[in-house]
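# Report on the structure
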Amino acid sequence: MSRIGLKPIEIPQGVDIKVDNNLVEVKGPKGNLSQKIDNGIKININEGEITLERPSESKKYKSLHGLSRTLIANMIEGVTNGFQKTLQIEGTGYRAAKAGKKLTLNLGFSHPIELEDPEGIEVEVPGPNQIIVRGIDKQRVGNYAANIRDYRRPEPYKGKGIRYEGEYIRRKVGKTGK
């Protein structure tokens, strides 16, 4: 039994939700999002909350029940508050800079890496060792932050690289002499 799928989703003030043939469109103060939900999941909107029902107790629909509820809840959260991921850069000479819509990363390679901000994603660099990725779509924010992190993942010996804020890197002991 999906416990997540059974929870109702509260609709906050200022958010409009329209369901048309299981295409859920959410409009809020920060923007608009839409997501196609599986046709087997029934979406009910009444009295300021959304509930989802599955047609049977099969494993497929149990999985889709919780997933669908989480996707809709994330869309509502995104158009009201938005999402953000903070990245920390560790290492001598490693830094980030922002010029217009371009993010420039100096990560110890022979050349700087220049990335163009994707549509709907806002990148901020408050300091040379910190990058903040913001947006209304949780999947796109997380994916872009992961793409930035992949250029120089944190290594376990000195801890150099790009890590998420609060991420713990298990350190290893290096080689010892004779």
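Along each chain, residues carry numbers from 1 onward, in the same order as the chain's sequence is written. Where local features are concerned, this predicted model is filtered to residues with pLDDT of at least 70; where side-chain atom pairs are given and counted, the filter is 80 or more; whole-chain, interface and lining totals use all residues. The basis for every side-chain value is the complete set of heavy atoms in the structure, and neither hydrogens nor water enter the calculation.

## Some details on the sheet that holds strand β8 (residues 95–99)
This is how the line gets drawn: Should DSSP find at least two bridges between two strands, the strands are regarded as paired. Strands here mean DSSP runs of E at least two residues long; helices mean DSSP runs of H or I at least four residues long; both are numbered from the N terminus. Helix axes are fitted to C-alpha atoms over the stretch in contact, other axes to C-alpha atoms as well, and angles between N-to-C directions run from 0 to 180 degrees.
Taken in spatial order, the 3 strands make up an open sheet running β8-β9-β10, and their pairing is antiparallel. A strand with exactly one partner marks an edge of an open sheet, and here the two such strands are β8 and β10 (113–116). Going from strand to strand, the sheet's axes swing by 20 degrees on average, the running direction of each strand aside. Looking at chain direction, strand β9 (residues 102–106) and β10 are connected through 4 bridges and run antiparallel. Bridging from a neighbouring strand, L103 pairs with L115 of β10.

## Observations regarding the packing of aromatic side chains
As a reminder, the rule being used: Only rings of Phe, Tyr and Trp enter the pairing, Trp through its six-membered ring, and a pair is recorded when the two centres are within 6.5 Å. The plane angle decides the type: under 30 degrees is stacked, over 60 is edge-to-face, the rest tilted. Counting as a charge over the ring demands two things of the Lys NZ or Arg CZ atom: a distance within 6 Å of the ring centre and an angle within 35 degrees of the ring normal.
Under the criterion given, the structure shown has 0 aromatic pairs. Looking at K85, its charged tip hangs above the ring of Y164, at a distance of 5.2 Å from the centre. Over the ring of F109 we find R152, and its NZ or CZ is 4.4 Å from the ring centre.

## Focus: unusual backbone geometry
The residue N22 is not glycine, and still its phi comes out positive at about 65 degrees. Mapped onto the elements, N22 comes out in the loop between β2 (16–20) and β3 (23–28). Phi is positive for E47, close to 50 degrees, though the residue is something other than glycine.

## Quick word on the nonpolar core
Put simply, the test is: The set of buried Ala, Val, Leu, Ile, Met, Phe, Trp, Tyr and Cys residues whose side-chain atoms join them within 4.5 Å is what this entry labels a nonpolar core. Burial status follows relative accessibility: with a 1.4 Å probe on protein chains alone, a residue under 20% of its type maximum counts as buried, one over 50% as exposed, and anything between as partly exposed. Residue contacts are counted whenever heavy atoms from the two residues lie within 4.5 Å of one another.
With 20 residues, the main nonpolar core has I17, V24, V26, I50 and I72 as its most contacted residues. At the level of elements, β3, β6 (49–53) and α2 (59–80) are the ones that each hand at least two residues to this core. At 7 residues, α2 tops the list of elements feeding residues into this core. Sequence-distant contacts of I50, that is, excluding residues within four places in its chain, are made with P8, I9, I11, I17, I43, N44, I45, I72 and I76. Counting 18 residues, the second largest nonpolar core, distinct from the first, contains L87, Y94, A96 and L107.

## Observations concerning the environment of I169
Inspection of the secondary structure assignment puts I169 in the segment after β13 (161–164). As for I169 and P29, which are separated by 140 residues in sequence, their C-alpha atoms are 37 Å apart. Ignoring sequence-local partners within four residues, the contact set of I169 consists of P154, E155, P156 and R163.

## Points about the pairing of β8
With 5 bridges joining them, β8 and β9 adopt antiparallel strand pairing. Of the residues in β9, the one forming a bridge with A96 is L105. Hairpin connection between β8 and β9: a loop of 2 residues separates the two successive antiparallel strands, and G100 in this loop has a positive phi of roughly 65 degrees.

## Points about the side chain of N22
The test is simple: Under this definition, polar contacts are N or O atom pairs within 3.5 Å; protein pairs additionally need one hydrogen-donor-capable and one acceptor-capable atom, and for neighbouring residues in sequence, both atoms have to be side-chain atoms.
Since its relative accessible area comes to 12%, N22 is described here as buried. Of the polar contacts made by the side chain of N22, one reaches the backbone oxygen of I41; its length is 2.9 Å.

## Thoughts on α2
The criterion, for reference: By this rule the span expected of a helix is its residue count minus one, scaled by 1.5 Å.
Counted at 1.5 Å a residue, the expected span for α2 with its 22 residues is 32 Å, and the 32 Å between its end C-alpha atoms agrees. Two residues or fewer past α2, G82 is found with a positive phi of approximately 85 degrees.

## Considering helix α3 (residues 138–150)
Rules: The arc in question is formed by the directions pointing from the helix axis toward the C-beta atoms.
With 13 residues, α3 extends 18 Å between its outermost C-alpha atoms, agreeing within 8% with the 18 Å of an ideal straight helix rising 1.5 Å per residue. Residues of α3 that are buried: V141, G142, Y144, A145, I148 and R149. The arc that holds the buried residues of α3, viewed along the axis, is 165 degrees, so those residues lie on one side. Elements in contact with the buried residues of α3: β7 (83–90), β9, β10, β11 (121–127), β12 (130–135) and β13.

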